[in-house]
Structures are given as structure tokens and as C-alpha cells.
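Residue-level structural notes
If you want the building blocks of each chain, they are given just below.
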Amino acid sequence: MLFKKFAGIDVFDIEVAETDAQRLIEVVCALEPTFGGINLEDIKAPECFEVEEACKARMGIPVFHDDQHGTAIIVAAAITNGLELAGKPLSSVKIVTSGAGAAALACLNLLVTLGAKRENIWVTDIEGVVYEGRESLMDRWKSIYAQKTDARTLGEVIGRRGRVPRPVGRRRAEARNGRVDGRQADDPRARQSDARDHAGRGAQGEAGRDDLHGPFGFPEPGQQRALLPVHLPRRARRFRERDQRADEGRRGARHRGARREASSDVVSKAYGGETRLFGPDSLIPSPFDPRLILRIAPAVARAAMESGVAKRPIADLRAYEEQLNRFVFRSGFVMKPVFTAARATPKRVIYADGEDERALRAAQVALEEGIAVPVLIGRPHVIDVRARRYGLTFKPGTDVEIVNPEDDKRYRDYVALYLERAGRKGVTPDRARTVVRTNTTVIAALAVQRGDADAMICGLEGRFHNNLRYIDQVIGLASDAPDYSTLSLLISGRGAYFLTDTYVTPDPDAQSIAECAILGARSVERFGLTPKVALLSHSNFGSDDTPSAVKMREALAILRQTAPSLEVDGEMMGDVALTPALRERLLPTSSLTGEANLLVFPNLDAANIATQLIKTLADALPVGPIIVGPAKPAHILTPSVTARGVVNMTAVAVVDAAQQSAAAQG
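Please read all numbers here as calculations on a predicted model, not as lab measurements. (Residues numbered from 1 in each chain as written. Predicted model: local features only at pLDDT ≥ 70, side-chain atom pairs only at ≥ 80, totals over all residues. Heavy atoms only, no water.)

**Some details on the overall build of the protein chain**
When its secondary structure is counted, the protein chain shows 27 helices and 18 strands. The 666 residues of the protein chain split such that 54% are buried. Considering only contacts in the protein chain between residues 6 or more positions apart, those separated by 24 or more positions represent 72%. Entry remark: accessible area of the protein chain is about 30300 Å², with carbon and sulfur atoms responsible for 50%. (Helix = DSSP H or I, 4+ residues; strand = E, 2+ residues; numbered from the N terminus. Buried < 20%, exposed > 50% of the residue type's maximum accessible area, 1.4 Å probe, protein only. Contact = heavy atoms within 4.5 Å. Areas by Shrake-Rupley, 256 points an atom, 1.4 Å probe, with all protein chains shown as cover.)

**What to know about unusual backbone geometry**
Where the residue is not glycine, phi is negative for most of them; where a peptide bond is considered, it is trans in most cases. With an omega of -15°, the peptide bond between T500 and D501 qualifies as cis. Note the cis peptide between G570 and E571, where omega equals -10°. Following the sequence through the fold, E571 ends up in strand β15 (residues 567-572). At D42, a residue that is not glycine, the phi angle is positive and equals roughly 55°. Assignment of secondary structure puts D42 in the loop between β1 (38-40) and α3 (47-58). On the accessibility criterion, D42 (63% relative accessible area) is exposed. Phi angles above zero are rare outside glycine, and F541 is one such case at about 50°. For F541, the position within the fold is in the loop between β14 (532-536) and α23 (547-562).

**Examining α3**
Under the 1.5 Å per step criterion, the end-to-end length of α3 is 17 Å for 12 residues, consistent within 8% with the ideal 16 Å. Of all the residues in α3, the buried ones are C48, F49, V51, E52, C55 and K56. Take α3 and look down its axis: the buried residues cluster within an arc of 165°, on one side only. (Expected span 1.5 Å × (residues − 1). Arc of directions from axis to C-beta.)

**A look at the confidence of the model for the protein chain**
Per-residue pLDDT for the protein chain averages 80, and the proportion of residues at 70 or more is 77%. Note on residues 232-260: pLDDT is under 50 here. Beyond four places in sequence and across chains, it has 91 contacts. (pLDDT = per-residue confidence, 0-100.)

**What about the pattern of salt bridges?**
Applying the stated rule across the entire model yields 27 salt bridges. Put simply, D125 and K142 hold a salt bridge, and the shortest N to O gap is 2.9 Å. Pair noted here: D125 is in strand β4 (residues 121-125) and K142 is in helix α6 (residues 140-143), with a separation of 17 residues, a long-range link. For the salt bridge of D384 with R388, the shortest nitrogen-to-oxygen distance reads 3.1 Å. Note that D384 and R388 are positioned in helix α17 (residues 380-389) at a spacing of 4 residues, about one turn of the helix. For R388, a relative accessible area of 52% translates into the label exposed. Several salt bridges converge on common partners, so that one network encompasses E401, D408, R410, D413, R450 and D452. (Salt bridge = Lys/Arg side-chain N within 4 Å of Asp/Glu carboxyl O.)

**Let's talk about the nonpolar core**
With 64 residues, the main nonpolar core has Y351, L376, F527 and L535 as its most contacted residues. Of all the elements, helix α27 (residues 643-665) adds the most residues to this core, at 9 residues. Setting aside its immediate chain neighbours within four residues, L376 contacts Y351, G354, A359, L360, A363, I383, F394, V400, E401, I402 and V403. (Core = buried A, V, L, I, M, F, W, Y, C linked by side-chain atoms within 4.5 Å.)

**Some remarks on the side chain of Q364**
Counting through the fold element by element, Q364 comes out in helix α16 (residues 357-369). Of note is the side chain of Q364, whose polar atom sits 3.3 Å from the backbone nitrogen of F394. (Polar contact = N/O pair within 3.5 Å; in protein donor to acceptor, adjacent residues only side chain to side chain.)

**A word on the environment of P580**
By secondary structure assignment, the location of P580 is in helix α25 (residues 580-586). Overall, P580 belongs to the partly exposed group, its relative accessible area being 37%. Spatially, the C-alpha atoms of P580 and L592 are 8.7 Å apart, while their sequence positions differ by 12 residues. In this structure P580 touches G594 and E595, once residues within four positions along its chain are discounted.

**Description of the side chain of K142**
Of the residues examined, K142 reaches a relative accessible area of 7% and is grouped as buried. At 2.9 Å, the side chain of K142 forms a polar contact with the side chain of D125. For K142, the residues in contact, after removing those within four places along its chain, are A100, L105, D125, V130, R134 and L137.

**Comments concerning the packing of aromatic side chains**
Any aromatic ring pair is given by two values, namely how distant the centres are and how the planes are angled relative to each other. Enumeration according to the criterion identifies 4 aromatic pairs in this entry. Ring centres of F49 and W141 lie 5.0 Å apart, and the angle between their planes is 20°; on these two criteria the pair is classed as stacked. You can see F49 sitting in helix α3 and its partner W141 sitting in helix α6, a full 92 residues away along the chain. Judged by centre distance (5.0 Å) and plane angle (25°), the ring pair of F464 and Y503 falls under stacked. Pair noted here: F464 is in helix α21 (residues 464-474) and Y503 is in the loop between β13 (496-500) and α22 (510-526), with a separation of 39 residues, a long-range link. (Phe/Tyr/Trp six-rings, centres within 6.5 Å; stacked < 30°, edge-to-face > 60°.)

**Here's the deal with helix α2 (residues 21-29)**
Taken together, the buried positions of α2 are occupied by A21, L24, I25, V28 and C29. Within α2, the buried residues cover an arc of 130° as seen down the axis, which keeps them to one side. Between a side-chain oxygen at the N-terminus of α2 and the backbone nitrogen of Q22 the separation is 3.2 Å; the capping residue is D20.

**Things to note about the packing of α22 against α23**
Between α22 and α23, the shortest axis-to-axis distance is 8 Å and the interhelical angle comes to 55°. Judged on the interaxial angle alone, α23 and α22 are oblique. In terms of crossing hand, the pair formed by α22 and α23 is right-handed. Two secondary-structure elements touch here, α22 through A510, Q511, I513, A514, A517 and I518 and α23 through K551, M552, E554, A555, I558, L559 and T562. Here the residues of the contact of α22 with α23 sort into 9 nonpolar, 2 polar and 2 charged. (Axes fitted to C-alpha atoms, helices over the stretch in contact; angles between N-to-C directions. Parallel < 35°, antiparallel > 145°, perpendicular 65-115°, else oblique. Left-handed = near helix turned anticlockwise from the far one by under 90°. Nonpolar A, V, L, I, M, F, W, Y, C, P; charged D, E, K, R; others polar.)

**A closer look at a nonpolar patch on the surface**
A contiguous nonpolar surface patch, about 360 Å² in accessible area, is contributed by F12, I14, V16 and V27. For F12, the position within the fold is in the loop between α1 (2-7) and α2. (Patch = residues over 30% accessible without salt bridge, like charges linked within 9 Å, V, L, I, M, F, W, Y side chains within 5 Å.)

**A few points about the pairing of strand β11 (residues 455-458)**
Residues A455 and I457 of β11 are buried on one face, and the alternating residues M456 and C458, pointing to the opposite face, are buried as well. Bridging between strand β8 (residues 347-351) and β11 involves 3 bridges; their strand directions are parallel. Its bridge partner lying in β11, Y351 is registered against I457. Bridge count between β11 and strand β18 (residues 634-636): 3 bridges; the pairing is parallel. By the bridge assignment, I457 is partnered in β18 with H635. (Pairing = 2+ DSSP bridges.)

In C-alpha cells form, the structure reads like this:
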């Protein structure tokens, strides 16, 4: 699950009924012709070291031991960040372990490479302190850390600065201005709260398996994602440590750069809405943060190439990073042309629901990626408090303009404009004054109409048709648009599909369907794609003469007349639209080639139901709905949209505004 979800790598979980180390080595090495990498798991020390070393020596593919590499990287990251907060260098601190298994020794080995002093490291296990001359339960890996000392217990090693009463398994400890790591894999009771409560004032605490705060990170998916394409050859063993250090560099010491990144809404949802910001309670990134692979994999791949062990160096790291971005945010490939165009001409985008977490996060991303100049409608003190709560770095009123519905100097002008636009649509002066104080969709539309913003986004709250009515009152229809319609983009593992009209007209006639198809095709071209239009029905090319089938047939005739260059055909069933071979058997002379990407439905019921089913059953990522028809860029999202969805629509709105501006000037 970890590799597939976090890195898109196909993995087989193979359980081996073998306890003899040498025979296990033979089993693992025999798997190499099939697999591109090996991740060993749950092999106790010291056998784990023997198995890993032997496999790495014999195999020409990446080999990891989860309990060593994964844990070492995470712990090193947590310790370096914790020491940064405590203001202490790694070379000066005393490090004590409770346990001397694979994970503990791997952690210490990596910490030493990062600057920890071997003479400052004290190891304890079930026999007590690891000291010079001890014979019981010793091996060559553990002996490296044997100290010349008379201390024999964990409590004696810690000394006056702290004590560890029984049960040790709960990691109870007291240490002023120190750190307590509650990372005991076999004891789910170890909690962050225990570590914090018993560490004393000023201590840094980071827990392992906590009901609310675990798990604590998985670097292996990102490592393997990087190492598979560069393909390490045999005997490239010296890279292993460098690989770990490159990965740790991102997650550890260089996390001081990562912590300045805004928190992720995905992480917040994973933790029940809690925003985890860098600090004493959160020293390392969450494993649920989708951006992790965007940092880890390029760093590891770069280290492999710089060390000279990559058999197939990645020629274009920027393209590789874009590929990872498309994996993390599946909309990346389809949205890339839109984001590129938005960065070229960023416009002012006003968010009607400016106090909503998703709008705030979208504003942060819009600033970071340079796609828009955000304007938020909301109370300044609320926006400021929530932005800080979510770990966002923009400064309200400085980086982001705020429109305060309760007190804005443009209020009288907005009321006058609203009366001018809607006075003959049943809006009285008293009503106008109230609406401009309370209805953020109207305020956003007035801002766009007045030129205080170039595009608007609303719909995070409220009903779709209510928001559309307000947009119609203030902005109105474009001169070349017969009516409003919507285009919904769904991005699945199979591809990207545009569906229309998914929200507006219940039962359009043939003329409306044809016009909707033409406007939808223009929107598809905006994404850098060639529109291939299928007019959908329960009928295939005249097989039935029901009213809806006849309507789609008439729409095709209109399109042939008004848009002869458009690649379109119908009426046809959904599977025929998406299966060229099936369409070839039914109608070899069809004018539609390949797989359709613009699906036009006979009515609102069919379009909306299909959209929701595809989104749910195919786990498709929705973009939109994209509103087609307003005189100025205005988009209405749905309450289920994510922060990333708001970002995507921000880019679409910016491109809309840029195209309108260019058309007006040309």
C-alpha cells in the first residue's frame, strides 16, 4: 500500500517462511530477475545486517532494509530538527538508546555520518549498557558503540538529567531541555503526550504510534521511485550511505526550508482536520503529505547521478520532476498548458468565499506558483487567524488584497453598480444595500464588473443556481453566447474527458446542444487538446427514433452546417464513443477518429449522473465545473471541491481573463 499509494510502484508482498539467514539470502537473491528493487522487512539484528550486506553485494538492484534505512532517515530528520529548535549542534549532544536492534544501530550509524560524536553515544539493550569487555549478546555491529564505563543500566547512563522508570516500553522519561522519542514499534502505547509530559519544560517530543499522531513517515517509496529509473549497477554500494544522506538532507537538516511551505489540506484531512505545523509537536513531514515524493525522489536521483553510480542518468531532471508532479496531482499533465499560460499573464482572481480554508490554501499556492494575484472577500481578522492556523505564509492586506464586507470604502460604489445592473430585475435600493453587505458572490461579481478583479471564483458555499443567478444579474451573458452552460473535466487513469452540460439546462433542444458543443470544443482547445466530440444517446447512428435520439441527430446536422471543421459524430452510446474498434464495426465511415474526449449529453440528468458516477467509480479527479457563457470570467465550484481543485480553477479563470483581455485589445 505504501509503495503503490505514495510512489505509484507495483509491489508484491512476499512472506518467506525462513529463519536461517543464509537460506533467506539465497531466496531473496533468486528474485532479482523479476523485481526492480527489494525492500526487506522485519529481520532481527544481527542477522538483518548479514542479509542486507550479502544481498547488496550479489544483486544489481536497489536493496533496502525497512527497519534500518527507513527508520534511520526519519529519526535523523527528527533529531536534527529537534536540535535546531533546541539550539544545539549534533556534535555536542549526548545520545542514548533504549534497545540495540537493527533500527537503533542504523539510526546511530546515520547520525554519526551527520556529525554525531561516537564518544557521545551510549547504547543499552536487555542486558544493560553496551560497554567495553561485555561478552553477552554482543556482535561486531553493536561493539562499535561499546563505551569504557562502569555504568550498567539505562538510568545510570542518563544520570541526573533524567530518569526512565519502568515500564521502559512506554518511554517515560524526564530530561530538561532535551528530547524524548517515543518510537517503540512494538508498543502502540507510546504517545506523543507521554513524551511531552515527561520530558520537562523546553523539551522536544515526537511520538511513534499514536492514535492521533502516527505514523511518522515513510521515505522508502520516494527512494525506490528515484532509484528504479536510474538503475544502479552491481557493486554500486558506496552510494547507499550517500543515498540516505541525500534523503535525510531533505527531511532533516534541510527541513528548515520545508517548514516554510504551507501546510497541506490532504495532511489536515488525514489528521481529522488538524493542521500540523513545524515545531515541537511536528518535527518531520507527515507521510500523508503528497508533496514528499516531489522532494525526496529528485534528491535521491540527483545523489545517485552525482556519485557516478547511476547506470541510466536522468537526462532532464526538470521533466522528471514534472512527471512526479503529474503522479502526485493527477491533473498535472492536462493542466500544464493552462498553468503555463496563467504564469505568463497572471491576473487578479477574487475568491467569494475568502474565509474558507480551501480558498485560503488556493491563494497561497497561487502566490507561490505565480499564476494569479489573489483577492479574498472576508473579515480581515478571521482571514488572518485562519491563515496562521493553517500554516500559510502570506500576509493578508499585504501579499493578498482583502475585501471586507463589513467595512470597505467601495461600498457605496458597489451598491450603485448593483442597482444599475439589477435594478430592473426586482432589486430595490434597500435590498441592494443589504445584499452588498452580506452576499459575497454579488460582491465578487461587482468587483469583476467594475474592474477591481479580472475573474471570480465562488460556490464553495451555497447552491449552484443561486450563485449563477447573481452572476447573471451583475455580469450577464457574453454577446456571442446563447445561454449559460457548464463543462466538467474528469481526469482518470485512462485519460481526460470533458462532459457537457452538467449543471445548467435541464432539457436543451438540438440548437442549444450544438451551440454547447461548439463552446465546449473551444474550452478543450484551451487545454492544448484537439476536441473529439461525441453526441451521446441510447441509440447508435439511427438505431432508435426516440425523441432524445432524434434531438442528438438534429444537433449533429446543425454542427455539420455551423462548424464543419469540428471532429464530431453521433448519436452514439458511451462505449461506442470511447472504443474506436467498436465504432468501426458499427459505422466504418464515422467522421470521429480515435477516442472521444468531449462527451455531449442529451439532458442535464444524464450529464450530471454520468459525471458523479465516473468521478466516484473511476476515482477520477474533477476540474470544474467550468462556466461557459458569462460576459466576464466567473466560475462556480461545488461544495465538494478540494483546495487543489480551487487552484486548478484559478488557473482556468486567469487564462479566461487573459484571452478576453487580448480579444478586447485586438
